[in-house]
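Below, each chain spelled out in residue letters.
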Amino acid sequence: MAAAPHPREKTGAHKQEDHAPMRLRTACPAPPRTWTVELRPYPDGLALVCRQCPHSYRRIAPVSARSAALAHLARHARGDLRPPHLRICQCRERGCRWHPRHRGCNGPIRLLLASEHGGRIWRLADTCTACAAATAQAALVPDTALVPSPPTATPRRRRRPKGPDEKTRVRDMLSYLAATLPDNNPPSARLLALQCALRADATLHVRLPRGVLRSLRLDAPEPWCDLERANWLHIAAPRTTREITARLLDTALLGQAPARPDRRRAADWAMRVGRSPRTEGNGPLEQLAATYLAAYADPSGEGRKEHDQMARAIGLSTAQLMLLLDQLRASGLLTAWWSCPDSEDLYWMLRSADGPQAAGEAQGSRTS
Ligand SMILES: [Zn+2]
Ligand SMILES: [Zn+2]
Ligand SMILES: [Zn+2]
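My aim in this report is to walk through the structure given alongside it, one point at a time. (Residues numbered from 1 in each chain as written. Chains lettered and ligands numbered in written order. Predicted model: local features only at pLDDT ≥ 70, side-chain atom pairs only at ≥ 80, totals over all residues.)

### Focus on the overall build of the protein
Inference 1: A tally of helices and strands in the protein yields 14 helices and 12 strands.
Inference 2: Per-residue burial for the protein yields a buried fraction of 37% across its 368 residues.
Inference 3: Partitioning the intrachain contacts of the protein with sequence separation of at least 6 by distance along the chain shows that 62% fall at a separation of at least 24. (Helix = DSSP H or I, 4+ residues; strand = E, 2+ residues; numbered from the N terminus. Buried ≥ 20, exposed ≤ 12 C-beta atoms within 10 Å, placed from the backbone. Contact = placed C-beta atoms within 7 Å.)

In structure tokens:
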């Protein structure tokens, strides 16, 4: 029941101002910010069908199907840029049918990319953080993506975007790559993709010095070939003894990123935590796993994640992941790890890093 307005509020000179905002709020509702494409099997290939575009049926080669689907979705999202306060959780609008448990909407609205039916259906939608976390086979789109192209006459003074910290950027990128890279990509290709995605410039070119590649144990042609085969990048110039230059083909979702220095710092952070003394000398798999475990751990070094999500992000089967975690505990990167059979959650505790103030170790020595 609506309360009657207080008589004094509706009188005299204030009357017009009282009414003006009411009229503004009755504008036509904007179309929902959710888009879905299907990849339908077709004799000799696949067809891309968008549920929002009439007559969008288009035949595509299977090798480029995933990137075509993502590019199409991203075009929709780019064509409908709205200020944050006008974006609502599309999952809740549909009764939260996209995830099994309903935890209630919470947190900022981000774009969530989700796939269903083994990658036959891809959906991009505004989703709150809580619903995003509960949705399977999904990843938040890194927040640097999908900004509009800058207008030609930009004012001189450029505001430095105050973005998320390095750890959050790495986490978002790991989760995005887990959802978008083809499943058969090995850990070395995934570690390389992470570095390329974070280090790419606004034209999606990336130059990786040999020194960086050597310290990542990626100084071999295979990971590059894997990503070329996945249609994810293209080696742009002849390899030189000093560096490798490539162009990323995931133009839709990674283009126009505004905060390159931030992302480069995130790339450095990922390298640093991946190459801690306890994993140094190890290959790309151990480095990628160490980066993942650090990115998803809280400041005290404790982390939790569904084990199938971690396995997918680093390119292993669940059984292989368990063996790897044992190995990382033996090497001293983890003090402990365990998994909960009911919830399929994986828990871990990082041994404190090299610094003296690392929380886990300091606490351990005090309590023993
Ligand atoms: Zn469409
Ligand atoms: Zn929901
Ligand atoms: Zn929600």
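On we go from here.
### Section: the sheet that holds strand E11 (residues 334-340)
Inference 1: Read across the sheet, 3 strands follow the order E10-E12-E11 without closing on themselves; strand pairing throughout is antiparallel. Bordering the open sheet on either side are strand E10 (302-306) and E11, each of which pairs with just one other strand. Direction aside, neighbouring strands of the sheet carry axes that sit 15° apart on average.
Inference 2: Where E10 meets strand E12 (residues 345-350), 5 bridges bridge the pair, whose relative direction is antiparallel. Directly across from Glu-302, in E12, lies its bridge partner Met-349. (Pairing = 2+ DSSP bridges. Axes fitted to C-alpha atoms, helices over the stretch in contact; angles between N-to-C directions.)

### Quick notes on the environment of Met-310
Inference 1: Along the chain, Met-310 falls in helix H12 (residues 307-314).
Inference 2: Spatially, the C-alpha atoms of Met-310 and Leu-346 are 8.8 Å apart, while their sequence positions differ by 36 residues.
Inference 3: Beyond its immediate sequence surroundings of up to four residues, Met-310 is in contact with Tyr-292, Lys-305, Leu-321 and Leu-346.

### Re the sheet that holds strand E9 (residues 243-248)
Inference 1: The 3 strands lie next to each other as E7-E9-E8, forming an open sheet whose pairing is antiparallel. Across the chains shown, the open sheet's two edge strands, defined by having one partner strand only, are strand E7 (205-209) and strand E8 (233-235). Each strand axis lies, on average, 30° off the axis of its neighbour in the sheet, ignoring direction.
Inference 2: Pairing geometry for E7 and E9, over 5 bridges, is antiparallel. Paired with Val-206 across the bridge in E9 is Ala-246.
Inference 3: Across the face of the sheet, helix H6 (residues 187-199) comes into contact with E7, E8 and E9 while running at roughly 120° to E7.
Inference 4: Each of E8 and E9 touches helix H8 (residues 221-229); the most contacted strand, E8, lies at about 125° to it.

### Section: unusual backbone geometry
Comment: phi is negative for the bulk of residues other than glycine, and the bulk of peptide bonds are trans.
Inference 1: If you check the backbone angles, Arg-217 has positive phi at about 60° while not being a glycine.
Inference 2: Looking at where Arg-217 falls in the secondary structure, it is placed in the loop between helix H7 (210-215) and H8.
Inference 3: Judged by local crowding, Arg-217 falls into the partly exposed class, with 18 C-beta atoms found within 10 Å.
Inference 4: Unlike most non-glycine residues, Asn-231 shows phi in positive territory, near 65°.
Inference 5: Within the secondary structure, Asn-231 sits in the loop between H8 and E8.

### Topic: helix H13 (residues 318-330)
Inference 1: For H13, built from 13 residues, the straight-helix expectation of 18 Å at 1.5 Å per residue is met to within 8% by its first-to-last C-alpha distance of 19 Å.
Inference 2: Of the surrounding elements, those touching the buried residues of H13 are helix H11 (284-295), H12 and E11.
Inference 3: Looking one or two places after H13, you find Gly-332, whose phi comes out positive at around 95°. (Expected span 1.5 Å × (residues − 1).)

### Concerning the nonpolar core
Inference 1: Counting residues in each nonpolar core, the largest one holds 87 residues, and the members touching the most others are Leu-113, Ala-193 and Tyr-292.
Inference 2: Domain assignment of the residues forming this core places at least three in each of domain 1 (34-141) and domain 2 (167-350). (Core = buried A, V, L, I, M, F, W, Y, C linked by C-beta atoms within 7 Å. Domains from an automatic or database assignment.)

### Notes on H8
Inference 1: Of all the positions in H8, only Pro-223, Trp-224, Asp-226 and Leu-227 are classed as buried. For H8, the angular spread of buried residues about the axis comes to 155°, placing them on one side. In H8, the exposed positions that point more than 90 degrees away from the buried face belong to Pro-221, Glu-222 and Cys-225.
Inference 2: The first or second residue beyond H8 is Asn-231, which carries a positive phi of 65°. (Arc of directions from axis to C-beta.)

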